[in-house]
Amino acid sequence: MSILKLLKEDLQAAKSQDPAATNLFEVAMVYSGVHAIWSHRLAHAMWQRPHLKGLARVFSQASKALTGIEIHPGATIGRRLFIDHGTGIVIGETAEIGDDVLMYQGVTLGGRALSKTKRHPTIGNHVMLGAGSKILGPITVGDDSAVGANAVVVRDVPPRSVAIGIPATSRRKNPDAAADPRIDFIDPALLI
């Protein structure tokens, strides 16, 4: 996939998931979540080249200073991630994020170990991460799942599930519910 197509998908994801967005130009100019994702895509490409890792870290820190969103350049981000009101988001080095993920402000994809291993979460496709949620350690949040606002997730979340509470507990979604949590949980306060 060309980089231009990927960047356009990022714009379209933001516009389609934010009712306040009026056009793609506006999204490109003022959406800090989009700016953070674009910066990460460049920093991640640099991170893949050993001689550019230091520069990638400097670039990611500059992006953090401008957007309030910290994404380690080693993190892997899929297509069409939308970060809504991204202030305070932290995404660790070994985090992996699937396609079509919706992430609200204050989300942490953090580690629980100091070893040089996989220590950050893996987020599946079509996942909604509620405001202030903390997903910690090398766990997996399955496809088509949602994590409620302020939940602290330290265990795997099965596909098509909802995780809420501190520590979070998971329950299967109603089988009759829409498959995409970005649609069926459009109000993240429903998950508190």
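Please refer to the structure higher up on the page.
Quick caveat, the model's predicted, so the values are computed rather than measured. (Residues numbered from 1 in each chain as written. Predicted model: local features only at pLDDT ≥ 70, side-chain atom pairs only at ≥ 80, totals over all residues. Heavy atoms only, no water.)

(A) Here's a closer look at the overall build of the protein chain. A tally of helices and strands in the protein chain yields five helices and 15 strands. Across the 192 residues that make up the protein chain, the buried fraction comes to 49%. The long-range fraction of contacts in the protein chain, counting pairs at least 24 apart against all pairs at least 6 apart in sequence, stands at 34%. Carbon and sulfur atoms make up 61% of the accessible area of the protein chain, which totals about 9200 Å². (Helix = DSSP H or I, 4+ residues; strand = E, 2+ residues; numbered from the N terminus. Buried < 20%, exposed > 50% of the residue type's maximum accessible area, 1.4 Å probe, protein only. Contact = heavy atoms within 4.5 Å. Areas by Shrake-Rupley, 256 points an atom, 1.4 Å probe, with all protein chains shown as cover.)

(B) Representation of empty space enclosed by the protein within the structure. Summed over the entire model, instances satisfying the criterion amount to one cavity of 30 Å³ or more. Taken together, Ala 36, Ser 39, His 40, Ala 43, Ser 60, Ser 63, Ile 69 and Ile 71 make up the full set of residues lining the largest cavity. Within the residue set of the lining of the largest cavity, elements represented by two or more residues are α3 (32-47) and α4 (53-67). Per-element accounting of the lining of the largest cavity gives the leading share, four residues, to α3. Classifying every residue of the lining of the largest cavity by side-chain character gives four nonpolar, four polar and no charged. (1 Å grid on protein atoms, 1.4 Å probe; cavity = no way out; pocket = protein on both sides within 12 Å on 5 of 7 lines; lining within 4 Å. Points joined across faces, edges and corners; volume = space filled by probe spheres on them. Nonpolar A, V, L, I, M, F, W, Y, C, P; charged D, E, K, R; others polar.)

(C) Summary view of unusual backbone geometry. Note the cis peptide between Ile 166 and Pro 167, where omega equals -10°. Position of Pro 167 relative to the elements: it lies in the loop between β14 (161-165) and β15 (168-172). Phi at His 85 is positive, roughly 50°, even though this residue is not glycine. Position of His 85 relative to the elements: it lies in the loop between β3 (82-83) and β4 (90-91). Residues other than glycine seldom take positive phi values, yet Arg 160 does so here, at roughly 55°. Position of Arg 160 among the secondary structure elements: in the loop between β13 (152-153) and β14.

(D) Structural detail: the pattern of salt bridges. Applying the stated rule across the entire model yields seven salt bridges. Residues Arg 80 and Asp 100 are paired through a salt bridge, measuring 2.5 Å at the closest nitrogen-oxygen approach. Taken together, the residues Arg 80 in the loop between β2 (76-77) and β3 and Asp 100 in the loop between β5 (96-97) and β6 (102-103) connect sequence positions 20 residues apart. On the basis of relative accessibility, which here comes to 11%, the residue Asp 100 falls in the buried class. Residue Glu 93 pairs with Arg 119 through a salt bridge whose shortest N-O separation is 2.8 Å. Here Glu 93, found in the loop between β4 and β5, pairs with Arg 119, found in the loop between β7 (108-110) and β8 (122-123); they are 26 residues apart in sequence, far enough to count as distant. When its relative accessible area of 23% is taken as the criterion, Glu 93 is described as partly exposed. (Salt bridge = Lys/Arg side-chain N within 4 Å of Asp/Glu carboxyl O.)

(E) Looking closely at helix α1 (residues 3-17). Taking 1.5 Å of rise per residue, 15 residues should cover 21 Å, and α1 covers 21 Å from first to last C-alpha, within 8% of that figure. Among the residues making up α1, those that are buried are Leu 6, Glu 9, Asp 10, Leu 11, Ala 13, Ala 14 and Gln 17. (Expected span 1.5 Å × (residues − 1).)

(F) Region of interest: the sheet that holds β8. An order of β2-β5-β8-β11 is seen for the four strands of this open sheet, with the pairing classed as parallel. Whereas interior strands pair on both sides, the edge strands pair on one side only; in this sheet they are β2 and β11 (140-141). Of the strand pairs in this sheet, β2 and β5 are connected by two bridges, and their pairing is parallel. By the bridge assignment for β5, Ile 77 is matched with Ile 97. (Pairing = 2+ DSSP bridges.)

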